[in-house]
Amino acid sequence: MKTSLLLVCLSLWLTLPSLGQSTHDASPLKVVDFAATVGSANGTVALSYVHNWRLGKKKRIEAGIGARLTTAFGKKLDYTTAGPASLTRSFTTPFLIFFAGQQTENWDTLSVQRPLVNALNLTVNLGYNFNSRLSAGFNIDLIGASFGRSSSAILQSNGNLRTEPSAKPTVFNVLLTGDHDRGSLNSEFFLKYKINSNWGVRAIYQFLFTEYQTQDIVQIAGDGTEIDRFRNKANNFGLGLTYQF
Amino acid sequence: MKTLSILALFAIAIWSCKNEDINTPDTPIMEEVDTTATTAQKGVFVSAPGETVKGNAKIITSGSTSSLVLENLMANNGPDLHVYLATDTKASNFIDLGALKSTNGTQVYVLPNNIDFGNYKYALIHCQQFNVLFGSALLN
C-alpha cells in the first residue's frame, strides 16, 4: 500500500499540470470492465464503469472517475481490529499514516465464517498508454456503501473465544488513508492490452479492504475503547475484460 | 473473445469448487481411553432441535493432563462440526477442541491447561461455519 500511495502521488504530480492544458480537447474514454481475482483465501468479481479523459500533448495519460461494484467472498476469513488508528498505528497523521508502525498488540481477530460483501463505490482512475495497444493503470475506491451477507463469527481476544452470532458488512465506505479508512475498498494496479478497438484484457494486482461489524459483542481495548469494526486486507491477482464504447 | 470469457468463468468455477463444504467423517472410531485416569466430570448429550446427538461426555484427568472423552457418540452429520467446551449452549465463550473426528464412536480430545471447569461446563457438538448447535452435554 505504501508503494501504491507513492505511485498515486507521482502520477498526480505528473498529470495535474497537463489537466489544465488539455481538458478542452480531450475526448473521454468510456469503458465497462468485468474483473475476477483470487487470493489465498478469498476471491472477488467486480463490474465497473470508467470515464477517463486523455491528457497531455500525446494523449498518453488517462485520468478520470468511475463507479465499481465489487463482490468479495471467502470462507473463515480473519478480520483484524479496524481502528481507531490511534490504537492500531504508532502515529495517525493522514497520508503519513502509511509509514506508521502497526501496534499489533492492540489487534483482536474476528474470524468471519461465511463472508460476502458487495461494495458499490465511486472510483478515481489513472493510466498511461505506452502505445496504441498496451497501457498501465491504477484505480482506487473513494466513497460508497456496502451490503452483503450476515455471518456468524468468532472473536479471539487475549486467547479467549467468543461467538458473534451475526456480524454484518460495514455500510459506509470512505477512503481516508491507512487505518482511518472505513468500510470495504478495492484498488487495482493493472496492465491492459487492447485486442481491438473495443475489447481489451487486463492483468490485475488487487489490494482489497473488506470490513465486518459485530452486532452483539465488542473488543474492549486497553484504554476502554469499544471496537466493533474488523478489517481483512487481501492481496489478490486476476484478469479483467474491458469493452470500450 | 468467447474463449476468454469461458476461461474466466472456468477459473471462477474452479476456485469456488475448491472451498466446498466437507462433512465430518462418519466411520466409527474407538480411541483408547486411559483406564488409570480419574473421571472429574461427566454428562449425557442432549440433541438440539432438529439434530440428533447421543452418547456421553466426560472429563478425565491423568497426572497434569485433562481430556474430554466422547463415549459412544452417535451424531447426525453436518458441515464443519467442532467440539467445544463452553460456558453455555450458545457458545458465548468457548474453547475450540478442534474438528469432530467422527460422528460415530469413542474419541478423546486433550484439553489445554488451566481451564475453569466450573465456568466451562458444557461439551458441545457445534457447526462452526453456520453457528448451529447439534448437541450439548452438561458436565457435572
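Residues numbered from 1 in each chain as written. Chains lettered and ligands numbered in written order. Predicted model: local features only at pLDDT ≥ 70, side-chain atom pairs only at ≥ 80, totals over all residues.

As annotated in an unreviewed UniProt entry, chain B is Electron transfer DM13 from Dyadobacter jejuensis.

As annotated in an unreviewed UniProt entry, chain A carries the name Putative outer membrane protein and comes from Dyadobacter jejuensis.

Asker: Sorry if this is basic, but what is going on with the environment of L122 of chain A here?
Answerer: All names here are of chain A. Positionally, L122 belongs in strand β6 (residues 116-129). For L122, a count of 14 C-beta atoms within 10 Å corresponds to the partly exposed category. Sequence-wise, L122 and Q215 are 93 residues apart; in three dimensions their C-alpha atoms are separated by 27 Å. Excluding anything up to four places from it in sequence, L122 contacts I65, A67, L142, I143 and G144. (Helix = DSSP H or I, 4+ residues; strand = E, 2+ residues; numbered from the N terminus. Buried ≥ 20, exposed ≤ 12 C-beta atoms within 10 Å, placed from the backbone. Contact = placed C-beta atoms within 7 Å.)

Asker: Please explain the pairing of strand β7 (residues 134-148) of chain A as it appears in this structure.
Answerer: Regular strands show a simple pattern: their side chains alternate between the two faces of the sheet. Residue and element names in this part refer to chain A. Pairing between β6 and β7: 13 bridges, direction antiparallel. Following the sheet pairing, L122 is matched in β7 by I143. Taking the residues that link successive antiparallel strands as the turn, the β6-β7 hairpin has four residues. With three bridges joining them, β7 and strand β10 (residues 172-174) adopt antiparallel strand pairing. Bridge pairing in β10 places G144 opposite N173. (Pairing = 2+ DSSP bridges.)

Asker: I'm lost on the pairing of strand β3 (residues 53-62) of chain B in this one. Help?
Answerer: Residue and element names in this part refer to chain B. Strand direction decides the pairing type here: strand β2 (residues 38-47) and β3, joined by six bridges, are antiparallel. Paired with T38 across the bridge in β3 is T61. Taking the residues that link successive antiparallel strands as the turn, the β2-β3 hairpin has five residues, and the phi of G50 there is positive, at about 85°. Bridging between β3 and strand β4 (residues 65-75) involves nine bridges; their strand directions are antiparallel. Note that in β4 the partner of I60 across the bridge is S67. Between the end of β3 and the start of β4, which pair antiparallel, lie two residues, with G63 showing a positive phi angle near 65°.

Asker: Quick question: what am I supposed to make of the nonpolar core here?
Answerer: The nonpolar side chains of a soluble globular protein tend to be buried, and buried together. Of all hydrophobic cores here, the largest spans 27 residues; its most connected members are L68, Y84, A86, A123, L124, I125 and F134 of chain B. Broken down by secondary-structure element, the contributors of at least two residues to this core are β3, β4, β5 (81-86), β8 (122-127) and β9 (132-138) of chain B. The contacts of L124 of chain B, once residues within four sequence positions are left out, are Y84, A86, T89, A91, L133 and S136 of chain B. Counting 11 residues, the second-largest nonpolar core is a separate cluster that includes L110, L155, A167 and Y212 of chain A. (Core = buried A, V, L, I, M, F, W, Y, C linked by C-beta atoms within 7 Å.)

Asker: Teacher, can you tell me more about unusual backbone geometry here?
Answerer: Of all residues except glycine, most have a negative phi; of all peptide bonds, most are trans. Residues and elements named next belong to chain A. Of note, K59 is a non-glycine position whose phi angle comes to about 55°, a positive value. On the secondary structure map, K59 appears in the loop between β2 (42-55) and β3 (61-74). Taking the C-beta count within 10 Å as the criterion, K59 has 15 such neighbours and is therefore assigned partly exposed.

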